[in-house]
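Remarks on the overall topology
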Amino acid sequence: MLSIKNLHASVEDKAILKGLDLEVKAGEVHAIMGPNGSGKSTLGNVLAGRDAYEVTEGEVLLDGIDLLELSPEDRAREGVFLAFQYPVEIPGVSNINFLKTALNEIRAYKGLPPVEAREFLNKVKEKQQLVEFDAKLANRSLNEGFSGGEKKRNEILQLAMLEPKLAILDETDSGLDIDALRIVARGVNQLRTENNAFVVITHYQRLLEYIVPDFVHVLYNGRIVRSGTKELALELEEKGYDWIKETVGA
Amino acid sequence: MLDEVATGTMITQTSDSLYTQLVKTAGERLSSGTSGSLGEIRKQALERFKATGFPTVKNEDWKYTNVQPLVNRAYALEAEELSGGAAWEKARIPELDAHRVVLVNGQYSSELSSVEAIAGLQVMPIEQAFERLCFAKYFTAFADKTDNPFVALNTASFTSGLFIEVGKNTQLQKPIHVIHVAASASPLFSQPRNLYVMGAFAEAEIIESFVTDDAAERSLSSHVTEIMVRENAKLQHYYLQVAGEQSSYINHTEVHQEKHSLYNNYNCSFPGAAFVRNNINVRLGDSEVESHLYGIALTADNQLVDNHTIVDHMKPHCESYEWYKNITQDTSTAVFNGKIFVRLDAQKTNAFQQNNNMLIGEKSAVYTKPQLEIFADDVKCSHGCTIGQFDNEALFYLRSRGISEAQARVLLIHAFAFDVTSRFANDTVRQYVEHLVEEGLQ
């Protein structure tokens, strides 16, 4: 589904990603781990199309489509979803109106008619239950006044509503207590199908106890330096990132 | 080559003096025709105007709004009618059921107007209202106390305009939609004069739209509107500025409120008219008065929109609430000057003012100045002002969910304008304005 080859990207002329390769197939969950500054969040932002990140080399294909040629909105419409590490508060834009606009623009891109009002509200209700997110969304502004946990749950709610092919979770576990973490993970697990895929970016192994990955990759200095199964995450947890730095450096 | 340019400029200057033209015409008219107290008022006004002339940028009230290039051009004082006259339809507000009053180049058009006969409601050209009791009582009673030279000039030389009287205890079911059409085949300087009187316990809604006929030449309109809101009366008053680029406006609105009255002004400007100056002065002339001033200016191209407001608390226990939002695109300029007076007598005043600005065009400009002059000692007054730009983080967040950049901008602008648009008393007008906001964004 996702094929990244020799990806180089920089921010303000500083090279961050230096030849990253990654293959993700439908139905798979990949974890990307790595020390601070290794390029984890850059990967998520480059895939979603954030302006400040410049791709200098390499290619990213989603089911054969060149993602790097597309605007952020078209990437989303093609099925890319980035769950933000720091979701933005937007006062004055209602949660419900935002979800509806997003859903309908994605539907329009696929040649589908706008969603019926009742059908939409039922879907929101159903998905809210899925992520155990009972906040009253109707009259509240997007993420405004939400706690850290509520913001992350709202990200997963959006994920559930928009049903992307490829979801990238950027340190979704950061700032979450263990209960919130479990709820978010359960939501993600229920959304897993054989047709979609997840890339879970995390610093800690903790999240991977709840979202069990098929593959674990270690990102260091802008490249994937080691790949393995979920046992690699445990080994990392035990030995620490210094172990990676030493072995790669050597 | 240089010589030609110089000669050209010379000719323009000599043939051009609007000032001379106006003073001469008004002087002749006043010495020949009008007699009695009205004539006297107008003669005095002409003298006041002659003493000051048109303001320059040296005058603090006109610092960012230079009228000199406008008044130094050539204009006719009489309109050259365009055929057709369907331009008023540009002001149509979808689903609005209203009495319609159309003024073409400041002249009341009975053909295009459609006002149902209602007991207690008087709508007529102002030139037919001179004999009315409340005209004598309120005409020039307040506006001419200000030092705005355009008011003095208008008083001295207006020839047309609109008179509305909503009688005591009359509550209008439908709004009155006043449509000002600029439609002259040659450059025109016009000075409509309006007087609206709300009798005791009267309630009404007046919606004013400004539009331009596509075939119109450039024009400068200097409107003066005096509004009397008597005891316990309520007036909802909308200004919807949707005129074309060739039209420029200098509008002065003077409101005087009596005890227990309510006056709400919603002042909206959209891309189009090259030059718009609004003076909106509200005098809270007795106790227990409430006034709300809301404004939204969405500007584009090289437009200038300047809103100068005065909220004058003269008596105790009154409340005023003012919120203006400016969104500037391209190389446009928005000016907001909000003055609040709290006079010595006006104890227990509650006055609020807020101005938020969003600069979208990198070369656009905003000048904003809150001014509070407080002479009473037991009052609650607050004011605030912000200047910002598009939040790129918010834009990216919305786009990353599949929302187009254009739609994301619309969402963010609606969110920015929401504090103002959500206060509109009339839902139909609110929807219309939200639509104009969407249309006005590039």
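Residues numbered from 1 in each chain as written. Chains lettered and ligands numbered in written order. Predicted model: local features only at pLDDT ≥ 70, side-chain atom pairs only at ≥ 80, totals over all residues. Heavy atoms only, no water.

Remarks on the overall build of chain A
Stated formally: A run of H or I in DSSP becomes a helix once it reaches four residues, and a run of E becomes a strand once it reaches two; helices and strands are each numbered from the N terminus. Each radius of gyration is computed over the set of C-alpha atoms, and the globule rule expresses the reference value as 2.2 Å times the number of residues to the power 0.38. Only protein chains enter the calculation, and the probe is 1.4 Å; a residue is then buried if its accessible area is under 20% of its type maximum, exposed if over 50%, and partly exposed in between. Should any heavy atoms of two residues lie within 4.5 Å, those residues are considered in contact.
Across its full length, chain A carries eight helices and twelve strands. For 250 residues, the compact-globule estimate of 2.2 N^0.38 gives 18 Å, and the C-alpha radius of gyration of chain A, at 18 Å, lies within 12% of that figure. Overall size of chain A, expressed as C-alpha extent along the three principal axes, is 60 × 40 × 35 Å. Here chain A, with 250 residues, has 55% of them falling under the buried criterion. Across chain A, every contact between residues at least 6 apart in sequence was considered, and the portion connecting residues at least 24 apart equals 69%.

What to know about the packing of aromatic side chains
Cut-off, in case you're wondering: Each pair of aromatic rings taken from Phe, Tyr and Trp, with Trp reduced to its six-membered ring, is defined by centres within 6.5 Å and is described as stacked if the planes are under 30 degrees apart, edge-to-face if over 60, and tilted in the remaining cases.
Applying the stated criterion across every chain yields a total of 24 aromatic pairs over all chains. A centroid spacing of 6.1 Å and a plane angle of 15° characterise the contact between Phe98 of chain A and Tyr397 of chain B, whose relative ring orientation is stacked. A residue pair is termed interchain when its members come from two chains, as with Phe98 of chain A in helix α3 (residues 95–109) and Tyr397 of chain B in helix α7 (residues 392–399). Exposure class is identical for Phe98 of chain A and Tyr397 of chain B. Each is buried. Taking 6.1 Å as the distance between ring centres and 55° as the angle between the ring planes, the aromatic pair formed by Tyr294 of chain B and Tyr321 of chain B counts as tilted.

Observations regarding the pattern of salt bridges
The condition is simple: One side-chain nitrogen of Lys or Arg within 4 Å of one carboxyl oxygen of Asp or Glu is enough to make a salt bridge.
A full pass over the atoms with the stated rule returns 39 salt bridges over all chains. For Glu126 of chain A, the salt bridge goes to Lys127 of chain A, with nearest N and O atoms at 3.8 Å. Classification of Lys127 of chain A by relative accessible area gives buried; the value is 11%. The shortest N-O distance in the salt bridge between Arg401 of chain B and Glu155 of chain A comes to 2.7 Å. Taken as a pair, Arg401 of chain B in the loop between α7 and α8 (405–421) and Glu155 of chain A in helix α5 (residues 148–162) lie in two separate chains rather than in one. Residue Arg401 of chain B is classed as buried on the basis of its relative accessible area of 1%. By relative accessible area, which is 0% here, Glu155 of chain A ends up buried. When salt bridges with common partners are traced through the structure, they connect Glu73 of chain A together with Arg399, Glu405 and Arg409 of chain B into a single cluster.

A look at the environment of Ala365 of chain B
Residues and elements named next belong to chain B. With respect to the helices, strands and loops of the structure, Ala365 is situated in strand β19 (residues 365–374). Separated by 73 residues in sequence, Ala365 and His292 place their C-alpha atoms 26 Å apart. Excluding residues within four positions of it along the chain, Ala365 makes contact with Thr328, Ser332, Thr333, Ala334 and Leu359.

A look at the nonpolar core
Taken as a class, soluble globular proteins show a tendency for nonpolar side chains to be buried jointly. Here is the rule we go by: To qualify as a nonpolar core, a set must consist of buried Ala, Val, Leu, Ile, Met, Phe, Trp, Tyr and Cys residues joined through side-chain atoms within 4.5 Å.
Residues Ile4 and Ile90 of chain A together with Leu398 of chain B are the most contacted members of the largest nonpolar core, which totals 116 residues. Top contributing element to this core by residue count: α8 of chain B, with nine residues. If sequence neighbours within four positions are ignored, Leu398 of chain B has contacts with Ile90, Phe98 and Leu142 of chain A together with Ile403, Ala408, Leu411 and Leu412 of chain B. Core analysis: the second largest hydrophobic core is formed by 45 residues, Val178, Tyr239, Tyr263 and Ile280 of chain B among them.

A few points about the sheet that holds strand β5 (residues 176–182) of chain B
Strand pairing in a sheet is mediated by backbone hydrogen bonds. Such pairs are either parallel or antiparallel. All names here are of chain B. Basically, it comes down to this: Strands are treated as partners if at least two bridges between them are detected by DSSP. Angular values range over 0 to 180 degrees, each being the angle between N-to-C directions of two axes fitted as lines to C-alpha atoms, with helices fitted over their stretch in contact.
Ordered by their spatial adjacency, ten strands build an open sheet running β2-β1-β5-β8-β10-β12-β14-β16-β18-β20, and the pairing between neighbours is mixed. In the strand order of this sheet, the two ends are held by β2 (107–114) and β20 (380–388), each with one partner. Between one strand axis and the next, the sheet turns by 10° as a mean value, whatever way the strands run.

Re the sheet that holds strand β5 (residues 65–66) of chain A
Residues and elements named next belong to chain A. With respect to topology, four strands assemble into an open sheet ordered β2-β1-β4-β5, the strand pairing being antiparallel. With partners counted over all chains shown, the strands left at the sheet margins are β2 (14–24) and β5, one partner each. Strand direction decides the pairing type here: strand β1 (residues 2–11) and β2, joined by eight bridges, are antiparallel. Paired with Ser10 across the two strands is Ala15, which belongs to β2. In the packing of helix α1 (residues 40–48) onto the sheet, the strands contacted are β1, β2 and β4 (53–62), and the crossing angle to β1 comes to about 105°.

Thoughts on the environment of Phe201 of chain B
Along the chain, Phe201 of chain B falls in the loop between β7 (193–198) and β8 (203–212). C-alpha of Phe201 of chain B to C-alpha of Ala233 of chain B: the two residues are 32 residues apart in sequence and 4.3 Å apart in space.

Notes on the confidence of the model for chain A
Inclusion rule: Looking at any residue, its pLDDT shows the predictor's confidence there, from 0 to 100.
For chain A, per-residue confidence averages 91 on the pLDDT scale, and 99% of positions sit at 70 or higher. Element-level mean pLDDT values for chain A span from 79 in helix α8 (residues 241–249) of chain A up to 97 in helix α2 (residues 72–78) of chain A.

Remarks on the interface of chain B and chain A
Heads up, the condition is: Accessible area that two parts lose when put together, evaluated with a 1.4 Å probe and summed over both, is termed the buried area. Polar contacts, as used here, are pairs of N or O atoms within 3.5 Å; protein pairs need one atom able to donate a hydrogen and one able to accept it. Residues neighboring in sequence count only if both atoms are side-chain atoms.
Between chain B and chain A, the contact holds 16 residues from the first and 31 residues from the second. Summing both sides of the interface, chain B and chain A together bury roughly 1900 Å²; the carbon and sulfur share of this comes to 65%. Together, Phe396, Tyr397 and Arg401 of chain B form the three largest contributors to the area buried by chain B at its contact with chain A, with a combined 41%. Remark: the boundary between chain B and chain A carries three salt bridges. Taking the shortest distance from any N to any O, the salt bridge between Glu73 of chain A and Arg399 of chain B comes out at 2.6 Å. For the interface between chain B and chain A, the tally reads eleven residue pairs in polar contact (both at pLDDT 80 or more).

Digging into helix α2 (residues 18–32) of chain B
All names here are of chain B. So the rule is basically this: Multiplying one less than the number of residues by 1.5 Å gives the expected span of a helix. The directions considered for the arc run from the helix axis to the C-beta atoms.
Here α2 is 15 residues long and its end C-alpha atoms lie 21 Å apart, about the 21 Å a rise of 1.5 Å per residue gives. The set of residues buried in α2 consists of Leu18, Leu22, Val23, Ala26 and Leu30. The buried residues of α2 occupy an angular sector of 120° when the element is viewed end-on, so they sit on one face. Counted as exposed and oriented over 90 degrees from the buried face of α2: Lys24, Ser31 and Ser32. As for α2, its buried residues are in contact with α3 (36–52), α4 (68–71), α6 (149–157) and β6 (188–190).

Notes on the packing of α2 of chain B against α3 of chain B
Residue and element names in this part refer to chain B. Stated formally: An angle counts as roughly parallel when it lies under 35 degrees, as roughly antiparallel when it exceeds 145, as roughly perpendicular when it falls between 65 and 115, and as oblique in every other case. Rotating anticlockwise by less than a right angle from the far helix to the near helix defines a left-handed crossing, while the corresponding clockwise rotation defines a right-handed one.
With their axes 10 Å apart at the nearest point, α2 and α3 run at an angle of 160° to one another. Viewed along their axes, α2 and α3 adopt a mutual orientation that is roughly antiparallel. The handedness of the crossing between α2 and α3 is left-handed. Here Tyr19, Val23, Ala26, Gly27 and Leu30 of α2 come into contact with α3, specifically with Gly39, Arg42, Lys43, Leu46, Phe49 and Lys50.

A closer look at the pairing of strand β14 (residues 290–299) of chain B
Residue and element names in this part refer to chain B. Burial analysis of β14 places nine of its ten residues in the buried class, which makes it a mostly covered element. Sheet topology places strand β12 (residues 262–269) next to β14; eight bridges connect them, and they run parallel. Paired with Asn265 across the strands is Leu293, a residue of β14. With ten bridges joining them, β14 and strand β16 (residues 319–328) adopt parallel strand pairing. Paired with Thr299 across the two strands is Thr328, which belongs to β16.

A look at α5 of chain A
An ideal rise of 1.5 Å per residue puts 21 Å on 15 residues; α5 of chain A measures up with 21 Å between its terminal C-alpha atoms. Once α5 of chain A ends, the next one or two residues include Glu163 of chain A, with phi positive near 45°.

Some words on unusual backbone geometry
Residue and element names in this part refer to chain A. At Asp13, a position not held by glycine, the phi torsion is positive, near 65°. A relative accessible area of 75% means that Asp13 is categorised as exposed. Phi is positive for Asn221, which is not a glycine, with a value near 55°. In this structure, Asn221 sits in the loop between β11 (215–220) and β12 (223–228). Taking the relative accessible area as the measure of exposure, Asn221 reaches 43% and is therefore partly exposed.

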